[in-house]
Amino acid sequence: MSSLSFNSFSPLDPQNFSEESKMVVDFISEYYKNVEKYPVRSQVEPGYLNHLLPDAAPYCPEPLETILKDVSDTIIPGITHWQSPNFFGYFQGNASTAGFLGEMLCTGLNVVAFNWIASPAATELESIVIDWVGKMLMLPPSFLFSGGGGGVLHGSTSEAIICCLAAARDNALKKIGPDKITKLVVYASDQTHSTFQKASKLVGIPTSNFRCLPTSFSNDFALCPDDVRKAMAKDVREGGLVPLFLCATVGTTASGAVDPLEALGKVAKDFKVWLHVDAAYAGSACICPEFRHHLNGVELADSISMNPHKWFLTNMDCCCLWIKEPKIFVDSLSTCPEYLRNSASESKVVIDYKDWQIGLSRRFRAIKVWMVIRRHGVDNLMFHIRSDVDMAKRFEAHVAEDPRFEVVVPRRFALVCFRLRPKQEEDETEMNSRLVMAVNGSGRAFITHAVVGGIYVIRCAIGSTLTETKHVDCLWKLIQEKADNLFLEKPGLDMED
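Residues numbered from 1 in each chain as written. Predicted model: local features only at pLDDT ≥ 70, side-chain atom pairs only at ≥ 80, totals over all residues. Heavy atoms only, no water.

Caption draft 1: Fine view of the sheet that holds strand 1 (residues 150–154). Read from one edge to the other, the open sheet built from seven strands follows the order 1-7-6-5-4-2-3, with strand pairing classed as mixed. The sheet terminates laterally at strand 1 and strand 3 (210–213), the two strands that pair on one side only. Between one strand axis and the next, the sheet turns by 20 degrees as a mean value, whatever way the strands run. Each of strand 4 (242–249) and strand 5 (274–278) touches helix 8 (residues 261–270); the most contacted strand, strand 5, lies at about 155 degrees to it. (Pairing = 2+ DSSP bridges. Helix = DSSP H or I, 4+ residues; strand = E, 2+ residues; numbered from the N terminus. Axes fitted to C-alpha atoms, helices over the stretch in contact; angles between N-to-C directions. Contact = heavy atoms within 4.5 Å.)

What follows is the structure in structure tokens.
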């Protein structure tokens, strides 16, 4: 019989933790210092990593130095650098020192605060922070804990919308019967984020009951309240269906469009429909008084969400969700197994956030948001947003000065949608697509595209934390350079005078 093996394995030794954490912090600091030197979009081919890493896990431990060298040699080349000042694609994923420090606290404390008793401070800080942000956005008191509503921090808008849909569904089925789920209908525009359609399927709404209403240039791709009213009335009158849920957006992904909340809220009220406001991107801007009008009418909504990890200097992941009637939410999502029963929960005087989300386990996100707000203050958060908007105005002016280009839809925040203007419209998509590929292939910047009103547009989304005016100017020079090359290659494509 072999003897037992005793070793000094200590996976959370305080001294080692301090030393190795400093090594990783130094590694990340160097990464930020040099991030501008990397190609913004990863240049690797699919499957590259399989050729660089072993096909089985190591049996014995490896030094941290070796692992970090592998990060430099194998992982960094396969990253698209979202924190590069030359990243202008999708919508930004903000980072900041405060956000990183908050994430360190979240990860280091590593609490699993699914109910109040599992970590009272985590629960109570979350309810305080969610009210802080709600007040920064000047939300009506009915959305705040202090006013009878409440909120929760999720990981993404996807989770927030699924939870809202589930709550709306269950509340409706209590009234019309659980067998009537195939009668429920949800409404959105062709600019609404695709996550809403996915969420609808996940909560059991038939695909045939998803109404994707068209938008157009005539109203800057905002959802038309009259179209929504007509669609709901038709569903009730001709199909015997039950309108359930309407999703409005403040800052759509494709073009930054803003739906008219007040008018849509009146339609929702008339049909007793749950109105959710998806302000994932542009909601952050509404802490600035000059942008707050985009939330006018939010008092008619049942829920609203925004993502601090997009434009609020809060590292991934974090989504704020506010609910007017938490009881409807909790009734739909709550579970109470015997092993989680405790006197605090049964007293009904505490919040158990497990009943505000899909899963049981949850991260201490509140400490990260708390750190960001305290370290920056509202004043600096507004400065950050205004600075990005000013740079977007500058880029927009560059586009307007070059007759070969045009801004396709009005800029509202820090997203500029533009395109090359070929004389033959049939070449428009090809030329602009080639321009995007040329810019991204250079490694000097990264941009993405969308299609609005049948037109292929190039999106320049400004908001990465390290982006400065010089980077915006360099992007424009790069775009002009690549456009010049395209027309040298294909001289038959004359431009508009």
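Caption draft 2: The pairing of strand 2 (residues 184–189), seen in detail. The buried count for strand 2 comes to six of six residues, which makes it a mostly enclosed element. Of the two faces of strand 2, the one carrying Leu 184, Val 186 and Ala 188 and the one carrying Val 185, Tyr 187 and Ser 189 are both buried. Of the pairings in the sheet, the one linking strand 2 to strand 4 comprises four bridges and is parallel in character. Of the residues in strand 4, the one forming a bridge with Val 186 is Phe 245. By the bridge criterion, four bridges tie strand 2 to strand 3 in an arrangement that is parallel. Within the sheet, the bridge partner assigned to Ser 189 lies in strand 3 and is Leu 213. Handedness of the strand 2-helix 6 (residues 194–202)-strand 3 crossover: right-handed. (Buried < 20%, exposed > 50% of the residue type's maximum accessible area, 1.4 Å probe, protein only. Right-handed = clockwise from strand over helix to strand, strands pointing away.)

Caption draft 3: Representation of the environment of Thr 157 within the structure. For Thr 157, the position within the fold is in helix 5 (residues 157–176). For Thr 157, a relative accessible area of 8% translates into the label buried. In the structure, Thr 157 is positioned 163 residues away from Cys 320 in sequence and 8.3 Å away in space, judged by C-alpha atoms. Those residues within four positions of Thr 157 in sequence are excluded, and the remaining contacts are Asp 278, Ala 280, Ser 305, Asn 307 and Cys 319.

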